[in-house]
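Structural overview
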Amino acid sequence: MTSTPPALETVAELRELYRAAEARAARMRLLSSVGKSLSEARPDNAISILNACAERLAFFLGGRSADLALGDVGAGIPIRAPGGVDALAFIAIEGLTSEQDIQDEEDRETFRLYLELMGGAIDRTRRETERQRLVETLQDREKRLETLVERIFFAQESERLRVSQELHDGVAQTATALARLIEGPGSEAPDMPAA
């Protein structure tokens, strides 16, 4: 014989279940909207988006404001990239010294996920900034290399022209001197170039 689950006894229990479902839905909407905002973060707008997300997290936790400090040194709760160990930033929210200060377990988990989303955005924009810096450095080196190669080719051509002229002039003088010597004793012999 199978037993049926006990029927909810009171309206109060139904209300409690409804509130819990609404709270979960609100958490999901919060994570979804912050994920969308953070996905739009680029190196040029990341700080303003991250600050807005930090403020929103503070409001979610009942605080009035949040201070976000980018870098590996700061006050507050560390923000790390997903799976990372090093702090990329710190968030300080009034009345919150650690995630253990958050009483509700689901709110704590939402807080952790929120910080991971922020950490992912910070890590991504840092990588984009570094990649752009490396591309600019590479482009600068390519320009300098191109200039250097042009100068080397110009120097080679100049040296080729100089050697060609020296050979031509030296051979021409020697040929003229030999021609006069062959012409005979009556012709005036030019000075021979020193070898």
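Scroll up to find the structure.
Anyway, here's the lowdown on the structure attached to this text. Worth saying up front: this structure is predicted, and the values here are computed from it rather than measured. (Residues numbered from 1 in each chain as written. Predicted model: local features only at pLDDT ≥ 70, side-chain atom pairs only at ≥ 80, totals over all residues. Heavy atoms only, no water.)

Moving on, we come to the sheet that holds strand β1 (residues 66-70). The antiparallel open sheet is built from three strands, whose spatial order is β1-β3-β2. The open sheet terminates on both sides in strands that have one partner only, identified here as β1 and β2 (77-80). On average, each strand axis in the sheet is tilted by 30° relative to the strand beside it, whichever way the strands run. Pairing analysis gives five bridges linking β1 to strand β3 (residues 87-93), with the strands arranged antiparallel. (Pairing = 2+ DSSP bridges. Helix = DSSP H or I, 4+ residues; strand = E, 2+ residues; numbered from the N terminus. Axes fitted to C-alpha atoms, helices over the stretch in contact; angles between N-to-C directions.)

When its volume is computed, the largest pocket comes out at roughly 190 Å³. Lining the largest pocket we find I77, P78, I79, R80, E99, R112, L115 and E116. (1 Å grid on protein atoms, 1.4 Å probe; cavity = no way out; pocket = protein on both sides within 12 Å on 5 of 7 lines; lining within 4 Å. Points joined across faces, edges and corners; volume = space filled by probe spheres on them.)

Judged by side-chain polarity, L145, L148, V149, I152 and F153 come together as a nonpolar surface patch covering roughly 460 Å² of accessible area. One can find I152 in helix α3 (residues 105-183). (Patch = residues over 30% accessible without salt bridge, like charges linked within 9 Å, V, L, I, M, F, W, Y side chains within 5 Å. Areas by Shrake-Rupley, 256 points an atom, 1.4 Å probe, with all protein chains shown as cover. Salt bridge = Lys/Arg side-chain N within 4 Å of Asp/Glu carboxyl O.)

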